[in-house]
Amino acid sequence: MAKDENLPLFATKLAKGRILFQFYSLLIFVGICFIFVYRLSHIPAKKEPGRWAWMGLFFSELWFSFYWFVTTVVRWNPIYRNTFKDRLSHRYEKALPGIDIFVCTADPVIEPPVMVISTVLSVMAYDYPPEKLSVYLSDDGGSDLTFYAMLEASRFSKIWLPFCKKFKVEPRSPEAYFRTAVEPLGEPVMAKDWSTVKLYEDMKKRIENTTKLGRISEEISKEHKGFNEWIFVASRRDHQTILQILIDGRESEAMDIQGQTLPTLVYLSREKRPRYHHHFKAGAMNALLEMPGFDGNGGPCYIGTGCFHRRETLSGQKYSKIYKADWKRWINRSVEDSTSVLEETCKVLASCSYEENTQWGKEIGLKYDCAVEDVLTGIAMQCRGWRSIYFTPERKGFLGVAPTTLLQSLVQHKRWSEGDFHIFASRHCPFVLGYKKIPLKLQLTYCMNLLWAANCLATLYYVIVPSLCLLRGISLFPEITNSWVLAFVFVIIVHRAYSLGEFVWFGGTFKGWWNDQRMWLYKRTTSYFFGFLDYILKRLGFTNSAFVITTKVAGDDVSQRYEQEVMEFGTSSPMFTILATLALLNAICFVSGLKRVIADVETLVWEKFALHILLCGLLVFINLPIYQGLFFRKDVASLPTSVTYQSTMFALLACAIAVY
């Protein structure tokens, strides 16, 4: 027995293929050194055409090399962890701490209530002592439609949770489960319970019908006292605190159909008033209170979801070597007050004035005044001495949704890149805030994401200038017969070949990898550019911070095109105008370059511009979906005519300026 008490609860293992990656990195480093020697030894003379274009390309390559170094540091020593749940259960089963799980939503249209409650039901069904589990829904939209869905979920949980435990259901989200599950006709025991849990479809239909109606009927409003709160709601941005304990785990009535205790379930919509800044998602979280490489360098960053925190880390407390978690303090949370009294007492915690002149959002809770409050909060935690651990079990601990259209994805990454760069350019920069507090490798590791926005400048230069130089007849790369070309070809082939091999090794496909390269280019030339531009404009006082919620639902036609991997456009956007302009510019330059080679075949012009044409042709191939959206597709998801006209005009203008 004593021997078991000393066994570790988890094991740490180095990632496979680490030696291969380090060897590959060494080869790339040698190739980059040769490229720099070529650039410095072949700088055009002062009055020679293309001198400034050459220098700009050299600085772009310097930036790419620096960023490659940063990403290499991140991946140099990745580690993975395996847990021993049996040892944990044996040692701490009766002393496990209480856990609070937060689910956030902000708009019943973009984030449908049915999707929200499916998430809530899945976390309520965790394999964890229910008396120690509390689930909170933070509704920043203040919607009675979402509250109604939560009320329905509280009732259905009495059926769903025992069904999950009895038959070890996976996944435990009812929406995901019933999408693929087949009725168990050959299993009489499960078939008996199946008809009961299929009541989910009826519940789902009721919620969807009410959501489409856009209001709560008088009949439904009589089902719970909580609906009376909306009598005093002026708007979603002007209302009192709404707090309803739908299931109170302390009460004897909080039982499922098998007589087992249910987790506590709470609905909260914090108070909002026009004269108070509500701090977006960080404020909502405080009202309630991709990563192996990060782990190897000192701990992964916090990215807002899919993680667990010790309460002390969010309270501003510094870590001490003598620190010992007092789990019993959180187990015995017995409160004698009734549910209704507790609701009224706790409302003050979610009021607008509660945080005024306090350290909330500064030293306590999630940080304010940043679009990526999660990353900023994580840095602060680690600088206070806390360590983070990255864990990916074989059965995914969390499953989420992502944007299904190109514009939604680009807008989401624009917000992230802007917020990340805001951190890098502020006093919260890891090199400043983390000086002598976190390892240098971890400081560098953070820069991989914090410098997303800055990547736009070098990428845009490499996408535009070499193509225009090809159009004008100026060479920026060594001739194909020059031995210096080997350095460029070697780096390109080895870098992309390793990327493809790694992608396939982890279960991807060539098509998936190619789409990933396409999105890499699109994000750098639009999302990161607008994120960088917005940061500059905000620093100059021309714009203010805004939080854009990405939609979590798509129509059937949009979903069908997504499954078919057909790119979704369908609307005009400055981002689409930039993508289309760059695509057309490279197409014009590529055709012009081929024409030059064919016309002067005897003078071997192709030897001089081989790498130019290869780069330009690659960009044309990447942009095939853009050309289809501009000229060939006729469906509603094609690019609008206005984008076609604008991008054509801008591309022709750029080419005309370059030539004349």
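Scroll up a little and you will see the structure.
All of the points below concern the structure found in this document. (Residues numbered from 1 in each chain as written. Predicted model: local features only at pLDDT ≥ 70, side-chain atom pairs only at ≥ 80, totals over all residues. Heavy atoms only, no water.)

1. Here's the deal with the overall build of the chain
Counting its regular elements, the chain contains 27 helices and 6 strands. For a compact globule of 660 residues, the expected C-alpha radius of gyration is about 26 Å, and the chain comes in at 28 Å, within 12% of that figure. Taking the principal axes of its C-alpha atoms as reference, the chain extends roughly 90 × 60 × 60 Å. Total accessible area on the chain stands at roughly 34,800 Å², and carbon and sulfur atoms take up 60% of it. (Helix = DSSP H or I, 4+ residues; strand = E, 2+ residues; numbered from the N terminus. Rg over C-alpha atoms; globule rule 2.2 N^0.38 Å. Areas by Shrake-Rupley, 256 points an atom, 1.4 Å probe, with all protein chains shown as cover.)

2. A word on helix 2 (residues 18–41)
Counted at 1.5 Å a residue, the expected span for helix 2 with its 24 residues is 34 Å, and the 35 Å between its end C-alpha atoms agrees. The set of residues buried in helix 2 consists of Phe21, Gln22, Tyr24, Ser25, Ile28, Gly31, Ile32, Ile35, Phe36, Tyr38 and Arg39. Against helix 3 (51–75), helix 20 (455–472) and helix 21 (485–505) lie the buried residues of helix 2. (Expected span 1.5 Å × (residues − 1). Buried < 20%, exposed > 50% of the residue type's maximum accessible area, 1.4 Å probe, protein only. Contact = heavy atoms within 4.5 Å.)

3. Focus on the pattern of salt bridges
Throughout the structure, instances matching the rule amount to 18 salt bridges. With a shortest N-O distance of 3.0 Å, Lys204 and Glu175 are connected by a salt bridge. You can see Lys204 sitting in helix 9 (residues 199–213) and its partner Glu175 sitting in helix 7 (residues 174–180), a full 29 residues away along the chain. Relative accessible area serves as the criterion here: at 18%, Lys204 is assigned to the buried category. Overall, Glu175 belongs to the partly exposed group, its relative accessible area being 21%. In this structure, Glu343 and Lys225 form a salt bridge, with 2.9 Å as the shortest nitrogen-oxygen distance. Each of Lys414, Glu418, Asp534 and Lys538 takes part in a single network of salt bridges with overlapping partners. (Salt bridge = Lys/Arg side-chain N within 4 Å of Asp/Glu carboxyl O.)

4. Regarding empty space enclosed by the protein
Roughly 60 Å³ of internal volume is contained in the largest cavity. What lines the largest cavity is simply Val463, Leu521, Tyr522, Thr525, Leu579, Leu582, Ala583, Asn586 and Asn623. Mapped by element, the contributors of at least two residues to the lining of the largest cavity are helix 22 (510–539) and helix 24 (574–599). Tallying contributions element by element places helix 24 first for the lining of the largest cavity, with 4 residues. (1 Å grid on protein atoms, 1.4 Å probe; cavity = no way out; pocket = protein on both sides within 12 Å on 5 of 7 lines; lining within 4 Å. Points joined across faces, edges and corners; volume = space filled by probe spheres on them.)

5. Let's talk about the environment of Glu418
You can see Glu418 is positioned in helix 17 (residues 406–424). Sequence separation of Glu418 and Tyr660 is 242 residues, and the distance between their C-alpha atoms is 36 Å. The residues contacting Glu418, other than those within four sequence positions of it, are Gly531, Asp534, Tyr535 and Lys538.

6. A word on unusual backbone geometry
The linkage connecting Glu170 with the following residue, Pro171, adopts the cis geometry, with an omega of -5°. Residue placement: Pro171 occurs in the loop between helix 6 (144–167) and helix 7. Positive phi outside glycine occurs at Lys168, with the angle close to 50°. Locating Lys168 in the fold gives a position in the loop between helix 6 and helix 7. A residue is classified by how much of its surface remains accessible, and Lys168, at 66% relative accessible area, is exposed. At Lys436, a position not held by glycine, the phi torsion is positive, near 65°. Here Lys436 lies in the loop between helix 18 (430–433) and helix 19 (440–450).

7. Side note on the packing of aromatic side chains
Taken as a whole and assessed by the stated rule, the structure comprises 39 aromatic pairs. Summarising the aromatic geometry, the rings of Phe510 and Trp513 are spaced 5.8 Å apart at their centres and angled 35° between planes, so their arrangement reads as tilted. Separated by 3 residues within a single helix, Phe510 and Trp513 lie in helix 22, roughly one turn from each other. Among the residues examined, Trp513 registers a relative accessible area of 7% and is labelled buried. The interplanar angle of 45° and the centroid separation of 6.2 Å between the aromatic rings of Trp513 and Trp514 together place this pair among those described as tilted. The structure contains a cluster of three or more aromatic residues connected by ring pairs, namely Phe156, Trp160, Phe163, Phe167, Tyr177, Phe178, Trp194 and Tyr200. Sitting above the plane of the Trp54 ring, Arg39 keeps its charged end 4.7 Å from the centroid. The ring of Phe609 has Arg596 lying over it, and the distance from NZ or CZ to the ring centre is 5.9 Å. (Phe/Tyr/Trp six-rings, centres within 6.5 Å; stacked < 30°, edge-to-face > 60°. Lys NZ or Arg CZ within 6 Å of the ring centre and 35° of its normal.)

8. Looking at the sheet that holds strand 4 (residues 133–139)
The mixed open sheet is built from 4 strands, whose spatial order is 3-4-6-5. Taken across any chain shown, the strands that pair with only one partner, and hence form the sheet edges, are strand 3 (99–105) and strand 5 (242–247). Between one strand axis and the next, the sheet turns through 20° on average, direction left out of account. Pairing of strand 3 with strand 4 involves 7 bridges; the strand directions are parallel. Looking across to strand 4, one finds that Phe102 is bridged to Tyr136. Along the sheet, helix 6 contacts strand 3, strand 4, strand 5 and strand 6 (264–269); its crossing angle with strand 5, the most-contacted strand, is approximately 15°. (Pairing = 2+ DSSP bridges. Axes fitted to C-alpha atoms, helices over the stretch in contact; angles between N-to-C directions.)

9. Points about the packing of helix 22 against helix 24
Contact geometry for helix 22 and helix 24: axes closest at 10 Å, N-to-C directions at 140°. On the basis of the axis angle, helix 22 is oblique to helix 24. Handedness of the helix 22/helix 24 crossing: right-handed. Every residue of helix 24 that contacts helix 22 at Tyr522, Thr525, Thr526, Ser527, Phe529 and Phe530 is listed here: Pro574, Met575, Ile578, Leu579 and Leu582. When grouped by side-chain class, the residues that make up the contact of helix 22 with helix 24 number 8 nonpolar, 3 polar and no charged. (Parallel < 35°, antiparallel > 145°, perpendicular 65-115°, else oblique. Left-handed = near helix turned anticlockwise from the far one by under 90°. Nonpolar A, V, L, I, M, F, W, Y, C, P; charged D, E, K, R; others polar.)

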